[in-house]
Amino acid sequence: MDALETRELRYFIAVAEELHFGRAAGRLGMAQPPLSRAIQRLEKRLGVRLLDRDRRGVRLTGAGQVLLHEGRAALDATAAAARRTRRSCSTDHPGGPRERLVIAVKAAASHDLLQRLLDAYAAEPDAAEIEVLAGGFTEQEQMLRDGRADVALLIVPFNSLAGFDSEELLTEGRIAVLPARHPLAARKVLSMADISDVPDLPIARWPRHGAYAPGPGPEVRDHTQLAQLIALGRTMAVVPDSARTWLWHEHAAVPLTDAPPVHTHIAWPPHSRSLALARLIRTATRLVPDSAPTH
């Protein structure tokens with residue numbers, strides 16, 4: 001049989017991510033023996049070995065790596081179906097609440113573009129209620145995949161558009177955000193080479209897919225933390241030009257002459273049948289001629 005149960009996928013993903021049956025069992029809130037038996041039954045039904053087990057530990061096979069990737073996507077799709085179905089229920093009752101759309105955005109990014117989009121859409125007849133779900137550096141993509149959001153503003157190259165329909169709304173350059181009192185802050189422009197190895201001001205590191213890249217810069221989780229560390233002279237950041245909106249007076253923004261541009265897209269699931277979402281996308285595309293950076 002090719003059918004897989006969501007329970008089996010949760011079990012396997014826990015083991016595949018932990019690479020340890022004991023830790024996976026604790027994470028799932030169950031004993032280790034039934035978890036081991038469940039994985040063995042899954043391997044037998046699929047006719048493939050998913051995990052290599054020996055005295056050195058647990059390792060994913062090639063087939064296991066495929067199931068980890070596909071299983072995560074399948075669980076995200078299941079969660080998305082449940083969440084979006086619950087949000088749509090208001091449209092079944094005439095006179096009930098308006099349909100609600102959730103848009104995922106990166107906190108403090110593309111603020112002007114988002115404000116224009118919300119204002120323009122609110123003026124549309126029968127506009128749905130919009131909930132703005134602000135997240136961290138790369139969380140918007142996952143919010144859209146697992147159904148916490150119906151639509152998202154994704155920033156490429158930091159987010160992936162794979163599996164989504166999308167329209168590009170904004171292209172902009174990047175700036176270096178530094179402590180205002182640092183010598184580099186007096187420069188009119190900077191290059192990536194100028195800021196790549198500044199001993200007293202390492203570049204801040206954001207998490208991507210749950211992990212931080214190695215480096216001397218501090219690990220940051222949100223823009224408030226980042227803003228404070230820059231103001232204290234502990235780090236600097238490379239961000240889209242539109243991020244000027246959250247800068248403090250203790251910060252300086254210097255254009256980077258050779259940093260690759262970033263592209264803001266509005267993205268949504270390709271299978272969506274929501275008329276409210278279609279109207280929001282149409283409103284967003286009308287903003288494109290006005291979406292040039294203001295700085």
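Looking at an unreviewed UniProt entry, the protein carries the name LysR family transcriptional regulator, with the source organism given as Streptomyces nojiriensis. As stated in UniProt under Sequence similarities (unreviewed entry), the record for the protein gives "Belongs to the LysR transcriptional regulatory family."

Draft legend 1. Geometry of the UniProt feature "domain: HTH lysR-type" (unreviewed entry) in the protein. According to UniProt, the feature "domain: HTH lysR-type" (unreviewed entry) maps to residues 4-61 in the numbering used here. Secondary structure within residues 4-61 divides into 62% helix and 14% strand; the distance between the first and last C-alpha atoms comes to 19 Å.

Draft legend 2. Structural context of the layout of surface pockets. Reported here for the largest pocket is a volume of approximately 980 Å³. Forming the walls of the largest pocket are 36 residues, and the residues nearest its centre are Arg 72, Asp 76, Glu 141, Gln 142 and Arg 145. Put simply, the parts of the chain that give the lining of the largest pocket at least two residues each are α1 (6-18), α2 (21-28), α4 (62-87), α6 (139-145) and β8 (207-208). For the lining of the largest pocket, the leading source of residues is α4, giving nine residues. Classifying every residue of the lining of the largest pocket by side-chain character gives 15 nonpolar, ten polar and eleven charged. Residue lining of the second largest pocket: 23 residues in total, with Ile 203, Ala 204, Arg 205, Trp 206 and Val 238 positioned closest to the centre. Residue assignment for the lining of the second largest pocket shows that the elements contributing at least two residues are α7 (192-195) and β10 (237-240).

Draft legend 3. Fine view of a nonpolar patch on the surface. Residues Leu 4, Leu 46 and Val 48 make up a contiguous nonpolar surface patch of about 190 Å² in total accessible area. Tracing the backbone shows Val 48 in the loop between α3 (32-46) and β1 (51-54). Judged by relative accessible area, which is 35%, Val 48 ranks as partly exposed.

Draft legend 4. Representation of α1 in the model. The first and last C-alpha atoms of α1 sit 18 Å apart over 13 residues, in line with the 18 Å expected at 1.5 Å per residue. The complete set of buried residues in α1 reads Glu 8, Leu 9, Tyr 11, Phe 12, Ile 13, Ala 14, Val 15 and Ala 16. The inward-facing, buried residues of α1 abut α2, α3, β1, β2 (57-60) and α4.

Draft legend 5. How the structure looks around the environment of Thr 6. As for its placement among the helices and strands, Thr 6 is situated in helix α1. With relative accessibility at 33%, the residue Thr 6 sits in the partly exposed group. For the pair formed by Thr 6 and Pro 207, sequence separation is 201 residues and the distance between their alpha carbons is 28 Å.

Draft legend 6. Molecular detail of the sheet that holds strand β7 (residues 174-179). Pairing is antiparallel across the open sheet formed by three strands, whose spatial order is β10-β7-β11. The two strands at the open ends of the sheet, each matched to only one other strand, are β10 and β11 (251-255). On average, each strand axis in the sheet is inclined to that of its neighbour by 35 degrees, with strand direction left out of account. As defined by bridge partners, β7 adjoins β10 across four bridges and the pair is classed as antiparallel. Paired with Ala 176 across the strands is Val 238, a residue of β10.

Draft legend 7. The arrangement of the pattern of salt bridges in detail. Using the criterion set out here, one finds 17 salt bridges in the structure. With a closest N to O distance of 3.2 Å, Arg 27 and Glu 18 form a salt bridge. Here Arg 27 falls in the partly exposed class, since its relative accessible area comes to 42%. Here the salt bridges do not stand alone but share partners, grouping Glu 17, Glu 18, Arg 23, Arg 27 and Arg 72 into one network.

Parameters and conventions
- Residues numbered from 1 in each chain as written.
- Predicted model: local features only at pLDDT ≥ 70, side-chain atom pairs only at ≥ 80, totals over all residues.
- Heavy atoms only, no water.
- UniProt positions renumbered as here; feature names shortened; annotations may be inferred.
- Helix = DSSP H or I, 4+ residues; strand = E, 2+ residues; numbered from the N terminus.
- 1 Å grid on protein atoms, 1.4 Å probe; cavity = no way out; pocket = protein on both sides within 12 Å on 5 of 7 lines; lining within 4 Å.
- Points joined across faces, edges and corners; volume = space filled by probe spheres on them.
- Nonpolar A, V, L, I, M, F, W, Y, C, P; charged D, E, K, R; others polar.
- Patch = residues over 30% accessible without salt bridge, like charges linked within 9 Å, V, L, I, M, F, W, Y side chains within 5 Å.
- Areas by Shrake-Rupley, 256 points an atom, 1.4 Å probe, with all protein chains shown as cover.
- Salt bridge = Lys/Arg side-chain N within 4 Å of Asp/Glu carboxyl O.
- Buried < 20%, exposed > 50% of the residue type's maximum accessible area, 1.4 Å probe, protein only.
- Expected span 1.5 Å × (residues − 1).
- Contact = heavy atoms within 4.5 Å.
- Pairing = 2+ DSSP bridges.
- Axes fitted to C-alpha atoms, helices over the stretch in contact; angles between N-to-C directions.

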